[in-house]
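Structure at a glance
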Amino acid sequence: MSARFRRVGVVGGGRMGAGIAEVCARAGLDTVVCEADATAARSARERVAASLDRVVRRGKLEPQAARDTLARIVFTGSLDDLADRQLVVEAVIENADAKTEVFAALDKIVEDPAAVFATNTSSLPVMRLGMATSRADRVVGLHFFNPVPVLPLVEIVASLHTSPETVTAVEDFATGTLGKTVIRSRDRAGFVVNALLIPYVLAAVRMAESGFATAADIDIGMELGCAHPMGPLKLADLIGLDTVASIAESLYDEFREPLYALPPLLQRMVQAGLLGRKTGRGFHTYGQA
């Protein structure tokens, strides 16, 4: 295991942040998760505990290993508790202003001048986030996929300022410590995966919006006709329709291509709070939020 990053911080304890914290702790790392306040921090802990419990029930982790993993994670409501971290991964809402604010604060709090800041953004420019700090050469995109403990891929994105040494260190961490597979992308909206995925998902939304086919038939068509493990609208529900919309907006802002334009139906669903699995209803209905 690389000794470069032994103390890891994660800002944001939602589905993605909790998953990142879990894989770090399962790899034996001292992990701190920072949420907005103590209540949100408790929710993040419950999220990680529930995930570990599912892994135990499936027979893929011993109960003691799950307890040890959870014990390696500190949950806090204060960014100050990240002061001694060697690597901090930002995983807050997909909003440029919110992420920039986090990076500017971390720059003042994290004491180690060699510490690396990473963003789990799906689509926002890494350079913009790096420029909010005094260490843009040590800011990098580290984009995990949901669910983080299950999906093996990580995208690494270097901005024009990111040093080769930072990229190498983070890639070694992702592959050697976390056991992930890495692909690299230039710092452009959507990176590799979402630049290909989002137009496909938006095409499915437009098909449902037009009444050409139902959401169920669209998903069954792609699952059974193209051997996709999940149809595009089920996948959109899993990602979160608000996140899909944010990524689409970032892509459209950068490229101005019609295929990235937000369909009105998706916009209305986000406004109505019908965000997919996390709210219990999106293009499909789920048993619980």
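Heads up: these notes are all about the structure in this document. These numbers were taken from a predicted model, which means no experiment stands behind them. (Residues numbered from 1 in each chain as written. Predicted model: local features only at pLDDT ≥ 70, side-chain atom pairs only at ≥ 80, totals over all residues. Heavy atoms only, no water.)

Things to note about the packing of helix α10 (residues 241–255) against helix α11 (residues 264–271)
Inclusion rule: For helices, the fitted line uses only the C-alpha atoms of the stretch in contact; every axis is such a line through C-alpha atoms, and the angle between N-to-C directions lies from 0 to 180 degrees. Helix numbering and strand numbering both begin at the N terminus, where a helix is a DSSP run of H or I of at least 4 residues and a strand a DSSP run of E of at least 2. For classification, angles of less than 35 degrees are called roughly parallel, those exceeding 145 degrees roughly antiparallel, those between 65 and 115 degrees roughly perpendicular, and all remaining angles oblique. Helix crossings are classified by the rotation of the near helix relative to the far one: an anticlockwise turn of less than a right angle makes the crossing left-handed, while a clockwise turn makes it right-handed. What makes two residues a contact is simply this: any of their non-hydrogen atoms within 4.5 Å. Three classes are used: nonpolar for Ala, Val, Leu, Ile, Met, Phe, Trp, Tyr, Cys and Pro, charged for Asp, Glu, Lys and Arg, and polar for all others, with Gly counted as polar.
Contact geometry for α10 and α11: axes closest at 9 Å, N-to-C directions at 130 degrees. In this view, α10 runs oblique relative to α11, as classed from their interaxial angle. The element α10 and its partner α11 pack so that their crossing is left-handed. On α11, the residues that touch Leu241, Asp242, Val244 and Ala245 of α10 are Leu266, Met269 and Val270. Partitioned by chemical class, the residues of the contact of α10 with α11 number six nonpolar, no polar and one charged.

Topic: helix α2 (residues 38–57)
Our working rule: Expected span of a helix: the number of residues minus one, times 1.5 Å. The classification of residues rests on relative accessible area computed with a 1.4 Å probe and restricted to protein chains. Under 20% of the type maximum is buried, over 50% is exposed, and intermediate values are partly exposed. Arc definition: directions from the helix axis to the C-beta atoms.
Here α2 spans 29 Å end to end across 20 residues, near enough to the 28 Å set by a 1.5 Å rise per residue. Those residues of α2 not exposed but buried are Ala41, Ala44, Val48, Ser51, Leu52 and Val55. When α2 is viewed along its axis, its buried side chains cluster within an angular range of 95 degrees and face the same direction. Exposed and facing more than 90 degrees away from the buried side of α2 are Arg42, Glu46 and Arg57. Of the residues flanking the end of α2, it is Gly59, one or two places downstream, whose phi is positive at about 75 degrees.

Quick word on the sheet that holds strand β6 (residues 139–144)
Keep this limit in mind: Pairing between strands is defined by DSSP: at least two bridges between the two strands are required.
Taken in spatial order, the eight strands make up an open sheet running β3-β2-β1-β4-β5-β6-β7-β8, and their pairing is mixed. Bordering the open sheet on either side are β3 (73–76) and β8 (181–186), each of which pairs with just one other strand. This sheet shows a mean twist of 25 degrees between the axes of neighbouring strands, independent of strand direction. Two strands pair when backbone bridges link them, and strand β4 (residues 87–90) and strand β5 (residues 116–119) are joined in this way by four bridges, in the parallel orientation. Its bridge partner lying in β5, Leu87 is registered against Val116.

Some words on the packing of helix α8 (residues 215–225) against helix α9 (residues 232–239)
Interhelical geometry of α8 versus α9 gives an angle of 105 degrees and a closest axis separation of 7 Å. Taken as axis vectors, α8 and α9 run roughly perpendicular relative to one another. On α9, the residues touching Ala215, Ile218, Asp219, Met222 and Glu223 of α8 are Pro232, Leu233 and Lys234.

So, the side chain of Thr133
Selection rule: For the purposes of these results, a polar contact is taken to be a pair of N or O atoms within 3.5 Å, where, inside protein, one atom must be able to donate a hydrogen and its partner to accept one; residues adjacent in sequence count only when each atom of the pair is a side-chain atom.
Within the secondary structure, Thr133 sits in the loop between α5 (126–130) and β6. The buried category is assigned to Thr133, whose relative accessible area is 12%. Here Arg135 takes part through its backbone nitrogen, which lies 3.0 Å from a polar atom of the side chain of Thr133. When neighbours within four sequence positions are excluded, Thr133 is seen to be in contact with Phe103, Asp107, Phe117 and Val139.

Some remarks on the layout of surface pockets
The condition is simple: A cavity here means a set of points on a 1 Å grid, drawn over the protein atoms and nothing else, where a 1.4 Å probe fits but cannot get out; a pocket is an open set with protein on both sides within 12 Å along at least five of seven lines, and a residue lines either one if it has an atom within 4 Å of a point. Grid points are joined across faces, edges and corners, and a volume is the space filled by probe spheres set on the points.
Estimates place the volume of the second largest pocket at around 200 Å³. Taken together, 13 residues make up the lining of the second largest pocket; nearest its centre are Glu94, Asp242, Ala245, Ser246 and Glu249. Looking at the lining of the second largest pocket, the elements that each hand over two or more residues are α10 and α11. It is α10 that provides the largest number of residues to the lining of the second largest pocket, a total of six residues. Tallied by class, residues from the lining of the second largest pocket come to five nonpolar, four polar and four charged.

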